[in-house]
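# What the coordinates show
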Amino acid sequence: MLSRSLLSRILLAAAALALSALAQAQPIRIGSFLAVTGPAAFLGDPEQKTLELYVEKLNAAGGVLGRKLELVAYDSAGDAEKARGYVKRLIEQDKVDVLVGGSTTGETMAAVPLAEGAGVPFISLAGAVVIIEPVKKWVFKTPHTDRMACEKIFVDMRARGVAKAALISGAGGFDRSMRAECLKVAGKHGVQIVADETYGAGDTDMTAQLAKIKATPGVQAVLNAGFGQGPAIVTKNYRQIGISAPLYQSHGVASKQYVSLAGDAAEGVRLPAAALLVAETLPTNDPQKKVVTAYKSDYEGRFKQEVSTFGGHAYDGLMLAVEAIKRAGSTDKAKVRDALEATRGYVGTGGVVNMSAQDHMGLDLSAFRMLEVRKGDWTLVK
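Residues numbered from 1 in each chain as written. Predicted model: local features only at pLDDT ≥ 70, side-chain atom pairs only at ≥ 80, totals over all residues. Heavy atoms only, no water.

## What to know about the overall build of the chain
Counting its regular elements, the chain contains 12 helices and 14 strands. Overall, the C-alpha framework of the chain stretches about 100 × 40 × 35 Å when taken along its three principal axes. Within the chain, the fraction of its 382 residues that count as buried is 54%. Nonlocal contacts in the chain, meaning residues at least 24 apart in sequence, comprise 68% of its contacts between residues at least 6 apart. As displayed, the chain offers around 15800 Å² of accessible surface, 54% of which is attributable to carbon and sulfur atoms. (Helix = DSSP H or I, 4+ residues; strand = E, 2+ residues; numbered from the N terminus. Buried < 20%, exposed > 50% of the residue type's maximum accessible area, 1.4 Å probe, protein only. Contact = heavy atoms within 4.5 Å. Areas by Shrake-Rupley, 256 points an atom, 1.4 Å probe, with all protein chains shown as cover.)

## Overview of helix 6 (residues 173–185)
With 13 residues, helix 6 ought to run about 18 Å at 1.5 Å a step, and its terminal C-alpha atoms sit 19 Å apart, in line with that. Listing the buried residues of helix 6 in full gives Phe174, Asp175, Ser177, Met178, Glu181, Cys182 and Val185. Axial view of helix 6: buried residues confined to an arc of 165 degrees, hence all on one face. Of the exposed residues in helix 6, the ones pointing more than 90 degrees away from its buried face are Arg176 and Lys184. Along its buried surface, helix 6 packs onto helix 4 (105–118), helix 5 (146–159), strand 6 (164–169) and strand 8 (221–225). (Expected span 1.5 Å × (residues − 1). Arc of directions from axis to C-beta.)

## Section: the packing of aromatic side chains
For the structure on display, the rule yields 10 aromatic pairs. Consider the rings of Phe33 and Phe122, whose centres lie 5.8 Å apart with planes at 45 degrees: the pair is tilted. Note that Phe33 is positioned in strand 1 (residues 28–34) and Phe122 in strand 4 (residues 122–124), a separation of 89 residues in sequence. Through pairs of rings, three or more aromatic residues link up here, namely Tyr54, Tyr295, Tyr299, Phe303 and Tyr315. Just above the ring of Tyr74 sits the side chain of Arg89; from NZ or CZ to the centre is 4.9 Å. (Phe/Tyr/Trp six-rings, centres within 6.5 Å; stacked < 30°, edge-to-face > 60°. Lys NZ or Arg CZ within 6 Å of the ring centre and 35° of its normal.)

## So, the confidence of the model for the chain
Mean pLDDT for the chain: 94, with 94% of residues reaching 70 or above. Under a pLDDT of 50 for its full length, residues 18–23 has, in the predicted model, 1 contact with residues more than four places off or in other chains. (pLDDT = per-residue confidence, 0-100.)

## Considerations on helix 10 (residues 289–303)
Given a rise of 1.5 Å per residue, 15 residues ought to cover 21 Å, and the 21 Å separating the end C-alpha atoms of helix 10 matches this to within 8%. Restricting attention to buried positions, one finds in helix 10 the residues Lys289, Val291, Val292, Tyr295, Lys296 and Tyr299. Tucked into the core, helix 10 has its buried residues touching helix 2 (41–60), helix 11 (309–328) and strand 11 (344–347). With its phi angle positive at about 55 degrees, Lys304 sits one or two positions after the end of helix 10.

## Observations concerning the state of the cysteines
As enumerated under the stated definition, the model contains 1 disulfide in all. One disulfide in the model links Cys150 with Cys182; its S-S distance is 2.1 Å. Measuring handedness by torsion sign, the sulfur bridge of Cys150 and Cys182 sits at about -90 degrees and is left-handed. Here Cys150, found in helix 5, pairs with Cys182, found in helix 6; they are 32 residues apart in sequence, far enough to count as distant. (Disulfide = S-S within 2.5 Å.)

## Things to note about the sheet that holds strand 2 (residues 69–75)
Spatially, the 5 strands line up as an open sheet ordered 2-1-3-4-5, and their pairing is parallel. Here the strands that pair on one side only, and so sit at the sheet edges, are strand 2 and strand 5 (139–141). Direction aside, neighbouring strands of the sheet carry axes that sit 25 degrees apart on average. Sheet analysis places strand 1 next to strand 2, joined by 7 bridges and oriented parallel. Across the sheet, the residue bridging to Ile30 is Leu71, located in strand 2. The strands that helix 3 (residues 80–92) touches are strand 1, strand 2 and strand 3 (98–101); relative to strand 1, the one it contacts most, it runs at about 175 degrees. The sheet contacts of helix 4 involve strand 1, strand 3, strand 4 and strand 5, and relative to strand 4 the element is tilted by about 170 degrees. (Pairing = 2+ DSSP bridges. Axes fitted to C-alpha atoms, helices over the stretch in contact; angles between N-to-C directions.)

## Quick notes on the packing of helix 3 against helix 4
At a closest axis distance of 8 Å, the pairing of helix 3 and helix 4 adopts a crossing angle of 30 degrees. With respect to helix 4, the element helix 3 is oriented roughly parallel. Remark: the crossing between helix 3 and helix 4 carries right-handed chirality. On helix 4, the residues touching Ala80, Ala83, Arg84, Val87, Lys88 and Ile91 of helix 3 are Gly106, Glu107, Ala110, Ala111, Leu114, Ala115 and Ala118. Across the contact of helix 3 with helix 4, the residue classes tally to 9 nonpolar, 1 polar and 3 charged. (Parallel < 35°, antiparallel > 145°, perpendicular 65-115°, else oblique. Left-handed = near helix turned anticlockwise from the far one by under 90°. Nonpolar A, V, L, I, M, F, W, Y, C, P; charged D, E, K, R; others polar.)

## Here we look at the pattern of salt bridges
All chains considered together, the criterion is met by 24 salt bridges. Of the charged contacts in the structure, one is a salt bridge between Arg29 and Glu70, with a shortest N-O distance of 2.7 Å. With a gap of 41 residues between them, Arg29 in strand 1 and Glu70 in strand 2 connect regions that are remote in the sequence. Note that Asp377 and Lys256 form a salt bridge whose closest N and O atoms lie 3.4 Å from each other. Of this pair, Asp377 sits in strand 14 (residues 377–380) while Lys256 sits in helix 9 (residues 256–262); the two residues are 121 residues apart in sequence, bridging distant segments of the chain. Asp377 gets classed as partly exposed once you look at its relative accessible area, which sits at 36%. Connected through salt bridges with shared partners, the residues Asp156, Arg160, Glu267, Arg270, Glu372 and Arg374 form a single ionic network. (Salt bridge = Lys/Arg side-chain N within 4 Å of Asp/Glu carboxyl O.)

What follows is the structure, encoded as structure tokens:
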């Protein structure tokens, strides 16, 4: 007969094996909250479609670590309070392994304390630099920051001989953050901001603000820090009142929706954006060429609509999470967090990512391409 102690050890070992087998059978749960509807739907809709598409593709290829992926997603409609409630549910009830979401800065910042408090790796898809500065232990992001956009634009302005510029911006979280960042770094690039106008979230005419800019002596270029429908209205009003100085927009309008809304008025507008928007025109030896053309083909083939950089942010967020889980060899949250922070040389739609303990985004200015609207399409500025 087996001794009682030996029998106990055998039972414990069997229980441990059973629990391990059960854990391996459980799907890896990707939690997401996105502005699929509402005023920021142009962000959240392609983001959710992208996550659904690639979770499906990864599962068809065998999953990750021999386990299927499961996407648990909620529509926050861009509302920070809704986002907070959904993130709480994702963490406490849905028991997700990682968070990939937050279409807007407001949603993201509402979720940050919850992710930090629960110790859940969180990859944001929003733009403001405040998301990663100061560095937060569990929070990462995929899009280029608003500060980077300011710097890329000011570098281009100086190359065109612009030394005096005007700012116009909206009332949203991204708009306010980018305006503040542009004011901080303009002097560093030899650009003086000589006018600074703002408009409200519901404004449908910015003629008055643009008239003030037009009347300001010395304005050589104008930068609109914003996203959504506001920049399209600014662009139309800009042409209507006959401002001849170059107009720049932020990466927050890097989709064909902006060009469609602005119409012919968008001709000649410049903005910094990811390589994805000019995938076919990239040189063959560009390290991003293969990634962005494949994503563009997959997305447009499935959904019959043009890609935007916003869907690309979701692709990068999911793939960064998947690669971190693979390197961690498990879904242990601390190990996945450490693997994310150790990401080096990941080639995505947004650029080549090299993260560190001091940088939870991992992109530099080379990840931005300067684009110009020509005949209703994006062209790469040489």
